[in-house]
Structures are given as structure tokens and as C-alpha cells.
Amino acid sequence: MRIDIVTIFPEFFDVLDLSLLGKARQSGLIELGVHNLRDHTHDRHHSVDDTPYGGGAGMVMKPEPWGDALDAILGTDPALVDDGPLVIFPSPAGDQFTQRMARELSLEQHLVFGCGRYEGIDQRVVDHYSQRGRVRLVSLGDYVLNGGEVAVMAMIEAIGRLIPGVVGNPESLVEESHEDGLLEYPSYTKPASWRGLDVPPVLRSGNHGAISTWRHQQQIERTERVRPDLLPRTLS
Ligand code: 6GU
């Protein structure tokens, strides 16, 4: 997968050299380009923002640097092909990012993230690229971040680990929170007793059927307690 990011803080993404995703880049599974929006300004002050039409607090990101930066990545063809790059603008006004969305996005060939700061990007940038190709606004959740960078980091981590080969043991992707609509079961390792707390005996029983049943039960109990909204509504 190819991933391009446009941001005024390219250094934010230095951490993508590390860990599993860093390895995936070295092995060529993920190809990453980080682009500084300010490289696409043409005024002396390299300004990327201006006051909002209609008034109001804060600043809005100007459309021209975004147009130049995205054209440099996408090309200037008026119509991008149907299965061409998917442009994603992180925004609290977007569709909620979920494990299901991460799975969908992990099947893409080319993702382009546009990280807005301030009060957002001039709406015409979204409108223009929506006319030319596929664009999505995606939100991490119902809270406000100062900019899209942290949200994009989270999305790239969630998407990247689903690309075949990135996570060494694909089985470890299956038994996780949200993959089967439930939270994951609690895990334990040695020692069997620690500070007066014992590992549940069933896990040391060697009875794989009983272990499976116990783990599934734990998933259901945990989900009922912490995230009842995830459970299918029961008829009452
Ligand atoms: Cl994707 N961006 C910003 N700026 N704030 C957010 C968000 C995204 N998701 C939740 N809050």
C-alpha cells in the first residue's frame, strides 16, 4: 500500500520509522510519503491560513496550497479513475473510524491523508477533489483534537497492521477486541501467582474446550459491563 500525508508538521510522522510499521516500510509492504504543506505556498510568509469569510473565531486553511500539494500527489487529471487513490480528511465532522472501516481501508492501493489544523480547511478543497475522485471525511471519535495528525497516526496504525505480512502471526489479529464485535478476553502469563493474585485455574487446566468457553464467556461479560452498546439488541 502507498500512503501519502500532507501536513504542516511532517516531523509528527517520524515515529512511523519505529516498530511494526517501520519494519513494514523497510520490507516495502508500506510505502510512505510525508509532504509539507508549506512547500506549496507561494508567498513570502508561507502562509497556509486566513480569516474565515462570514467572521468567527480562528483561522481557516487556504485552498491554494492544498490544491497544489494534492495535485502534486494525485496528478492534475480532471477525473481520477474509480479505483484510484482515496483521499481522507480527518475531521470531527466525518464518519466514525471503526475496526470495520480499518479493514475496508486496508484493501486500498493508495491512501492520501490531508491533515487540517486551525478551524479546518476551506470546504472547496473537499468539494473539488470529490468532483475528481473519492474523498472521505473520517473522525476518530466524539472529541476535538487540535489537528488531524494524531488522528491520522491512529488510523495508519489500525490500517497498517491489517495489511497481510505486517503482523507476523496473522492469528493474533483474530482474537482481538472489536474483530468479532466483542471486547477481548483478559490475558495472563507467568508467574501463576503474583502479589496474591492467581491466574484463573481453567487457563492452566490444559482443557482447550473449557478454555475456549471461558474466554468467550469473559468476552461477553466484559462487553455487557463496559460496552453494552456493542451487543445486539435483545428483544424484550
Ligand atoms: Cl479526525 N480530527 C480532529 N481535528 N479532531 C478530531 C478527529 C479528527 N477525530 C476526533 N476529533
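As shown above, the structure is provided for reference.
Description of the structure in this document. (Residues numbered from 1 in each chain as written. Predicted model: local features only at pLDDT ≥ 70, side-chain atom pairs only at ≥ 80, totals over all residues. Heavy atoms only, no water.)

This part is about the overall build of the protein chain. What the protein chain contains, in helices and strands, is 6 helices and 9 strands. The C-alpha radius of gyration computed for the protein chain amounts to 22 Å, which surpasses the reference 18 Å derived for 236 residues by more than 25%, pointing to a less compact arrangement than a globule. Out of the 236 residues belonging to the protein chain, those deemed buried represent 39%. For the protein chain, contacts bridging at least 24 residues in sequence account for 75% of all contacts bridging at least 6. Roughly 14,400 Å² of accessible area belongs to the protein chain as shown, and the carbon and sulfur atoms make up 51% of that amount. For the protein chain, the distance from the average site of its 22 positive side-chain charges to the average site of its 34 negative ones is 7 Å. (Helix = DSSP H or I, 4+ residues; strand = E, 2+ residues; numbered from the N terminus. Rg over C-alpha atoms; globule rule 2.2 N^0.38 Å. Buried < 20%, exposed > 50% of the residue type's maximum accessible area, 1.4 Å probe, protein only. Contact = heavy atoms within 4.5 Å. Areas by Shrake-Rupley, 256 points an atom, 1.4 Å probe, with all protein chains shown as cover. Lys, Arg positive; Asp, Glu negative; His and termini not counted. Charge placed at Lys NZ, Arg CZ, Asp CG, Glu CD.)

To continue, consider the site of the ligand. Around the ligand sit Pro90, Ser91, Pro92, Val138, Ser139, Leu140, Gly141, Tyr143, Leu145, Gly147 and Ala151, and that is every residue in its neighbourhood. At 3.4 Å from a nitrogen atom of the ligand is found a side-chain nitrogen or oxygen belonging to serine 139. Measuring from a nitrogen atom of the ligand, one finds a backbone N or O atom of leucine 145 at 3.2 Å. Taken by itself the ligand offers 290 Å² of open surface, and the protein chains cover 95% of this. Applying the majority rule of atoms within 2 Å of the grid points places the ligand in the largest pocket. (Near = heavy atom within 4 Å. Polar contact = N/O pair within 3.5 Å; in protein donor to acceptor, adjacent residues only side chain to side chain. 1 Å grid on protein atoms, 1.4 Å probe; cavity = no way out; pocket = protein on both sides within 12 Å on 5 of 7 lines; lining within 4 Å. Sits in = over half its atoms within 2 Å of the grid points.)

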